[in-house]
Amino acid sequence: MQVARVIGNHGAETEATTRKPQRWLEQWKTSLELELDALPGVWVEDKGLSMAVHYRQSPQKTEARRRILAATRNLEHVRVVGGKQVVTWW
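Keep in mind the model is a prediction, meaning the values are calculated, not measured.

Engineer: Describe the nonpolar core, listing the residues and the values that go with them.
Structural biologist: In terms of nonpolar packing, the biggest core is built from 16 residues, with Trp-28, Leu-32, Leu-36, Val-42, Val-53, Tyr-55 and Ile-68 touching the most fellow members. Among the elements of the structure, helix H1 (22-36), strand S2 (51-54) and helix H2 (61-72) are those that each provide at least two residues to this core.

Here you go:
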């Protein structure tokens, strides 16, 4: 089966998913916060089963998105999905 779209984590949390890859999530968040900290209007959100980098409040959205995508290329075991002024991965 091929997934066309993924929208949020709501309802995805089950007993089976409570054993999330915490080690990866912590590493991803730390790495992205270090790389993206200097970008105004950009913040990293831990969504429990995934992570998101929001850039809606960035005054330079094109540059913010470019830098976010560049930063996610360095992460291991990641699937990146774009959204409306947000980049999500799990």
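Engineer: How would you explain H2 if you had to name every residue and give the values?
Structural biologist: Since one α-helical turn is 3.6 residues long, residues separated by three or four positions face the same way. Over its 12 residues, H2 runs 16 Å from end to end, which matches the ideal 16 Å to within 8%, given 1.5 Å per residue. All buried positions along H2 are accounted for by Ala-64, Ile-68, Ala-71 and Thr-72. Projected down its long axis, H2 carries its buried residues within an arc of 95°, all on one side.

Calculation rules
- Residues numbered from 1 in each chain as written.
- Predicted model: local features only at pLDDT ≥ 70, side-chain atom pairs only at ≥ 80, totals over all residues.
- Heavy atoms only, no water.
- Core = buried A, V, L, I, M, F, W, Y, C linked by side-chain atoms within 4.5 Å.
- Buried < 20%, exposed > 50% of the residue type's maximum accessible area, 1.4 Å probe, protein only.
- Helix = DSSP H or I, 4+ residues; strand = E, 2+ residues; numbered from the N terminus.
- Expected span 1.5 Å × (residues − 1).
- Arc of directions from axis to C-beta.

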